[in-house]
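# Observations on the three-dimensional arrangement
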Amino acid sequence: MSVRTLRIDGRDVASADGATVLEAARVAGVAIPTLCHLEGLSPVAACRLCLVEIEGSPKLQPACITPVSEGLVVHTATPRLREIRRTVIELLFTEGNHVCSVCVANGHCELQDRAVEVGMDHARLPYRFPDRPVDLSHPRFGLDHNRCILCSRCVRVCDEVEGAHVWDVAWRGEHCRIIAGLDQPWGSVDACTDCGKCVMVCPTGALFHKGDSEGEKHEDPSRLAALQRARHARQEAP
Amino acid sequence: MSQPAKLPKLRLATVWLAGCSGCHMSFLDLDEWLIELAPRIEMVFSPIASDTKTYPEDVDVALVEGGVGNSDNLALIHQVRQRTRLLVSFGDCAITANVPGLRNPLAGPAAVLDRSYLELADGSAQWPHAPGLVPELLERVLPVHELVPVDLFLPGCPPPAERIRAVLEALLRGEQPLMEGAEMIRFG
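Residues numbered from 1 in each chain as written. Chains lettered and ligands numbered in written order. Predicted model: local features only at pLDDT ≥ 70, side-chain atom pairs only at ≥ 80, totals over all residues.

Residues and elements named next belong to chain B. Strand order in the open sheet formed by 5 strands is β2-β1-β3-β5-β7, and the pairing between neighbours is parallel. Only two strands of the sheet have a single neighbouring strand rather than two, namely β2 (41-45) and β7 (152-154). Recorded for the sheet is a direction-independent mean angle of 25° between the axes of neighbouring strands. On top of the sheet, helix α6 (residues 161-172) reaches β1 (10-16), β3 (59-65) and β7; it is set at about 155° to β7, its chief contact. (Pairing = 2+ DSSP bridges. Helix = DSSP H or I, 4+ residues; strand = E, 2+ residues; numbered from the N terminus. Axes fitted to C-alpha atoms, helices over the stretch in contact; angles between N-to-C directions. Contact = placed C-beta atoms within 7 Å.)

Our focus in this paragraph is the interface of chain A and chain B. Across the boundary between the two partners, chain A contributes 18 residues, which contact 26 residues of chain B. Its residues assigned to classes, the side of chain A that touches chain B shows 9 nonpolar, 7 polar and 2 charged. (Nonpolar A, V, L, I, M, F, W, Y, C, P; charged D, E, K, R; others polar.)

Residues and elements named next belong to chain A. Spatially, 5 strands are ordered β2-β1-β5-β3-β4 in an open sheet, and the strand pairing comes out mixed. Two strands lie at the open edges of the sheet, namely β2 (11-16) and β4 (61-62), each paired on one side alone. Summarising the sheet, strand β3 (residues 51-54) and strand β5 (residues 73-75) pair through 2 bridges and their orientation is antiparallel. If you follow I54 over to β5, its bridge partner there is V74.

Here we come to unusual backbone geometry. Residues and elements named next belong to chain B. Across the junction of C157 and P158, the peptide omega takes the value -5°, indicating a cis bond. Within the secondary structure layout, P158 lies in the loop between β7 and α6. Unusually for a residue other than glycine, A97 sits at a positive phi of about 80°. Looking at the element boundaries, A97 is found in the loop between α4 (92-96) and α5 (108-119).

Attention now goes to α6 of chain B. All names here are of chain B. End to end, α6 covers 16 Å across 12 residues, agreeing with the expected 16 Å (1.5 Å per residue, within 8%). Listed as buried for α6 are R163, I164, V167 and L168. Here the buried residues of α6 occupy an arc of 130° about the axis, which is enough to place them on one side. For α6, the secondary structure elements touched by its buried residues are α1 (22-28), α2 (33-37), β7 and α7 (182-185). Following α6 by one or two positions, G174 has its phi on the positive side, about 80°. (Expected span 1.5 Å × (residues − 1). Buried ≥ 20, exposed ≤ 12 C-beta atoms within 10 Å, placed from the backbone. Arc of directions from axis to C-beta.)

The next thing to look at is the domain arrangement of chain A. All names here are of chain A. Considered domain by domain, chain A is made up of domain 1 (3-77) and domain 2 (84-222). With centres defined by C-alpha atoms, the gap from domain 1 to domain 2 works out at 26 Å. Contact with domain 1, which involves 13 residues of that partner, is made by 19 residues of domain 2. Split by residue class, the side of domain 1 that touches domain 2 holds 10 nonpolar, 1 polar and 2 charged. (Domains from an automatic or database assignment.)

The next thing to look at is the confidence of the model for chain B. The pLDDT averaged across chain B works out to 95; a share of 96% of its residues lies at or above 70. Both scores are given for the predicted complex: the pTM is 0.94, the ipTM 0.93. (pLDDT = per-residue confidence, 0-100.)

Glancing now at the nonpolar core. The biggest cluster of nonpolar side chains holds 95 residues, and the ones touching the most others in it are C154, C198 and L207 of chain A together with A62 and V64 of chain B. Looking at this core, the element that brings in the most residues is β3 of chain B, giving 5 residues. Structurally, this core is a two-domain feature, drawing no fewer than three residues from each of domain 1 (3-77) and domain 2 (84-222) of chain A. Apart from the residues lying within four places of it in its own chain, the contact partners of L207 of chain A are F141, L143, C154, C198, V199 and C202 of chain A. (Core = buried A, V, L, I, M, F, W, Y, C linked by C-beta atoms within 7 Å.)

What follows is the structure, given as structure tokens:
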């Protein structure tokens, strides 16, 4: 394994070749905020929260999919990036209907946490208040499109870890949304194994256990990495 | 009381628009600190601490709870803005429309009134209609800052009493409160 040396926020960082800037930064103790990224799933750079500046490149790059290279000079917290991150969070809040006080994930929501981190005390963009449905056709789980930020963690975990591929992202622009099967009610999709991993990794209250009331969704998405390590260990065992 | 005569009292108002009054209840949760607060302010307008019906001139600080949801709210918020030096959006409804804003994705006030007063009525189903008494609903409930400039945002549903106190203490010292971190700006 060869090593690449790069600079992140003025710090020299040694990283394995093939690692991403996000991984290198986290090893070096530099916090880059993320939402769609989750250890154990393939990165997709959907949320744009981890954008960083790379010297010599006019474009901002998402740290979660940018590989490290020798001599890379990365800035993760410039005023420009801070402004963009706050705007990204404001876009997410104003684009859907995120009513924290009546949400199952209130107090345990990654979107709510990121809003604090980026310093959002209000949204400078107008709220859209879109009319969106809630799918309660599954016997155990619900999908509230009002709270969905289209991070696609559910799509990836179902495909990559459970192997069922119930979820997809459909349509474009303001009509973009998560669909089950071929845009069917979730409860009618035979491929669903009822495993609940999508609920576990959802960063907001979009996917939830039926019966959970306000603030009662206490999932821990980092359990996914533990699950995968356990599976891996079992496969390697004699 | 031992209030120095020369120190001018902060002229404070609290305003209740489209909200549940929970932010005002949280204000009352300041408990014994209210006794410390009382000699340092003049409460010039408030649904919980004043009988004044007309919003006065020359207000230093107004805590505005609630979104702007009806014609009365709309008229009052413009008056508040004109007559107040520091307008505080007080709680999630004022800042995001929050729970009152849940009606916004519906097709306007008629759908809301039909659902509330006709479809769910036990008997004598009718829309409330008293021109000049019952204010008309606006098309949407809006956050305060989408209608008038806001000077400070105090989130929370409701904002915890300690958060309110931190803001008021800073303002009483003549400082701008530092609104950052989960203690001060977490929604919900």
